Each structure stands twice: as C-alpha cells, then as structure tokens.
Amino acid sequence: MVVAWSHRSMVSTTRTGTGMAVSAMVFVQLGLAASVGLFDRLGPEGAAWLRLVWAGLLMLVLVRPRPSWFTRSSLLACLALGVVTAGLTMLFMAAAARIPLGTASALEFLGPLSVATWRGRGTARLWVLPAAVGVVLLTEPWHGAVDPTGVAFALGAAACWAAYILLTQHVGDEVAGIRGLAVSMPVAGVTATLVAGPSTFGSLTWQLVLVGLGLALLVPVIPFALEMLALRRLSTAAFGTLMSLEPAIALIVGLIALGQVPGALPVAGLACVVVAGIGAERSGGRTEPSPRVEATGRGSEPDPYRVG
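In this report, we go over the structure that sits alongside the text. Just so it is clear, the structure is predicted and the values come from calculations on it, not from any experiment.

1. Section: the overall build of the protein
(1) Moving on: Along the backbone of the protein there are twelve helices and zero strands.
(2) Moving on: Secondary structure elements in the protein, listed N-terminal to C-terminal, are α-α-α-α-α-α-α-α-α-α-α-α.
(3) Moving on: A buried classification covers 51% of the 308 residues belonging to the protein.
(4) Moving on: In the protein, 90% of the contacts between residues at least 6 apart in sequence involve partners at least 24 apart.
(5) Moving on: Working note: accessible area of the protein is about 13900 Å², and carbon and sulfur atoms make up 68% of it.

In structure tokens, the structure reads:
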C-alpha cells in the first residue's frame, strides 16, 4: 500500500513538473513572437535588456525579498543565477542576429542536452537520442552561411543554459517558492544594463517602456518562475530533455502567430521530440525536496509564493 502510494505521488509530481516546464516554454515562444516589433526598434540586445530590467523590478516589488530568507550559500547561488540568466538571454539574441535562428537554436540546445546526458540515469539517458534527432530535424542547421562570431555567441548561450538549469534547481532546493527569483532577476537586469543599457537609452520612448513591461511578464517573469518550480519536481536530466520540446513549440507558435509553414523534416522532428518528451515525463520524476531551514530558523513558516 505504501509503495503504491509512493508511486502515485511520484507520477503526480512528475506530471506537475512537466506541465510547468511545458507552460514555461509556451510563454517563452509567445513572448518571442510578440517581441518582433520591439526588436526592430531597439535591436535584439536592447529588447532583451528592457525585458530583464522590468522583470527584475517586478520581482522586487511582488516578492520583496528579505535577508532572513537566504543563507550565504543560497544568496551566492541566486547572484550567480542572475548573471547566467542575463548571459543566456543576451548571448542568444546576439547569436540570432548573426546566424540563422535554426542554427542558433540547435547550437544553444547543446546546453540542456549536455545536462541530460551528464546527469541522466538508466532509461532517462535513452530519451536524449530521439530528442537530439528531433532538434536537428526541426532546426535544420545545415541551411545558411555560418558566422564564426555568431557560432561563438550561440555556444556561449548553450553554456549559460546548462549552468542555468543546474543553478535553478540548486536555488529551488535551497529557497522556498520563487524567492530566489527576487534576487536573481534584479541581478540579471543590472548585468544586462551594464552590457546593453548605455547603447539603448537613446532609443527609448514611453511607449516602448510600457511594451517592455508587458513582454517582461511573458518572458522572463512567468516562464522563469515556472521553470524554478518545475525543477523542484523533475530531475535535471528530465528537464534538460523536456527542453527539446521548445523548438517544436516554436514551430507551432510560428505557424499560428506568424504564418510560418513547416516542411516535412520539421514535422518529423516534432514527432521525435514529442516521443522524447513523453519518455522524459514518464521516467524523470524527482522526489520534491524541502527548502533548507534559513539561519533564523524560519524555514518551516508557510510560504505564500509556493505553488503545489
């Protein structure tokens, strides 16, 4: 009886985490589709900067972090996550401005794919293979000329994405709910400001500032919060493999929102990543950990931001 209950609990936890991860990817792609006009006005780096700044401000206002919530270790992890988040966002935008989006996406996915391979156990590692095939078919990276600088930016984004997955799970395990984002997102905003802010200030208008606020909710506030909560319920291997669904979601959003009709190979790739996603969902469960007790001993208090 106890074994059966434990199995049902694991399945429920896995499905909840999977739903959160997929929802996060949908929000990301909807946000990217809605950002096309902003890219034209501010450039990709400027658009990323504006969203990250708004996201940081929103998390500070909504969550209002307190020093007593964090240990020294968890605070350092949140700071590192903020820098990695800014790097991931801005490096990918820089890559997409120099090389075809499909090529950039395929190279960037090397990050979570590496995590899935490195951390996977047993059958979880097997789902990396159809996921990898699906990503190649979806993105068709053999099309178009390749700019070495763009490739370097995309590989940098891949490294940041791998670090993002590992750090997000660590922060989610150390800090209850989405409290970690109240530190990491402002740090990401500051980091992005140092890199792209000065070159973007002159192009800003009040209309663009308000548009950036709305886009910050779509990307990254809502999806990053969902990803942090998902990684409390899934292994890094399962989460990394599930991220292979993002190109498939991008294909669907592109078809519906932008009228981009896929060819036969992307459709075949979609089938591959769906199979991999189902396999990861069934074999990648993780026993949900409890956040460590803060130094003040308040770790057992109810957390109003915790979901699930």
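Okay, back to it.
2. Description of the side chain of Arg233
(1) Moving on: Structurally, Arg233 is set in the loop between α9 (206-230) and α10 (236-242).
(2) Moving on: Here the side chain of Arg233 touches Leu229 through a polar contact of 2.9 Å, landing on its backbone oxygen.

3. Quick word on unusual backbone geometry
(1) Moving on: If you check the backbone angles, Arg64 has positive phi at about 50 degrees while not being a glycine.
(2) Moving on: Relative to the elements of secondary structure, Arg64 occurs in the loop between α2 (36-63) and α3 (72-96).
(3) Moving on: On the basis of relative accessibility, which here comes to 58%, the residue Arg64 falls in the exposed class.

4. Section: the environment of Leu50
(1) Moving on: Mapping Leu50 onto the fold places it in helix α2.
(2) Moving on: In this structure Leu50 comes out as buried when scored by relative accessible area, which is 4%.
(3) Moving on: Sequence spacing of Leu50 and Val211 is 161 residues, and the spatial spacing of their C-alpha atoms is 9.4 Å.
(4) Moving on: Ignoring anything within four residues of it in the chain, the contact list for Leu50 reads Leu38, Leu42, Leu204, Leu208, Val209 and Gly212.

5. Considerations on a nonpolar patch on the surface
(1) Moving on: A contiguous nonpolar patch, built from Leu57, Leu60, Val61 and Leu62 and spanning about 370 Å² of accessible area, is present on the exposed surface.
(2) Moving on: Summarising the element assignment, Leu62 is placed in helix α2.

6. Observations concerning the nonpolar core
(1) Moving on: Ranked by size, the top nonpolar core spans 76 residues in total, and within it Tyr164, Leu181 and Phe239 carry the most contacts.
(2) Moving on: By residue number, the principal contributor to this core is α2, which donates eleven residues.
(3) Moving on: Here Leu181 is in contact with Met59, Pro186, Phe224, Ala225 and Met228, once residues within four sequence places are set aside.

7. Comments concerning the packing of aromatic side chains
(1) Moving on: Tallied over the full model, the rule gives one aromatic pair.
(2) Moving on: The interplanar angle of 70 degrees and the centroid separation of 5.4 Å between the aromatic rings of Trp49 and Phe201 together place this pair among those described as edge-to-face. In this pair, Trp49 sits in helix α2 while Phe201 sits in the loop between α8 (181-200) and α9, placing the two residues 152 residues apart along the sequence.
(3) Moving on: Taking relative accessible area as the criterion, Trp49 reaches 5% and is therefore assigned buried.
(4) Moving on: Arg179 extends its terminal NZ or CZ atom over the ring of Trp69, reaching a point 4.1 Å from the ring centre.

Rules used throughout
- Residues numbered from 1 in each chain as written.
- Predicted model: local features only at pLDDT ≥ 70, side-chain atom pairs only at ≥ 80, totals over all residues.
- Heavy atoms only, no water.
- Helix = DSSP H or I, 4+ residues; strand = E, 2+ residues; numbered from the N terminus.
- Buried < 20%, exposed > 50% of the residue type's maximum accessible area, 1.4 Å probe, protein only.
- Contact = heavy atoms within 4.5 Å.
- Areas by Shrake-Rupley, 256 points an atom, 1.4 Å probe, with all protein chains shown as cover.
- Polar contact = N/O pair within 3.5 Å; in protein donor to acceptor, adjacent residues only side chain to side chain.
- Patch = residues over 30% accessible without salt bridge, like charges linked within 9 Å, V, L, I, M, F, W, Y side chains within 5 Å.
- Salt bridge = Lys/Arg side-chain N within 4 Å of Asp/Glu carboxyl O.
- Core = buried A, V, L, I, M, F, W, Y, C linked by side-chain atoms within 4.5 Å.
- Phe/Tyr/Trp six-rings, centres within 6.5 Å; stacked < 30°, edge-to-face > 60°.
- Lys NZ or Arg CZ within 6 Å of the ring centre and 35° of its normal.

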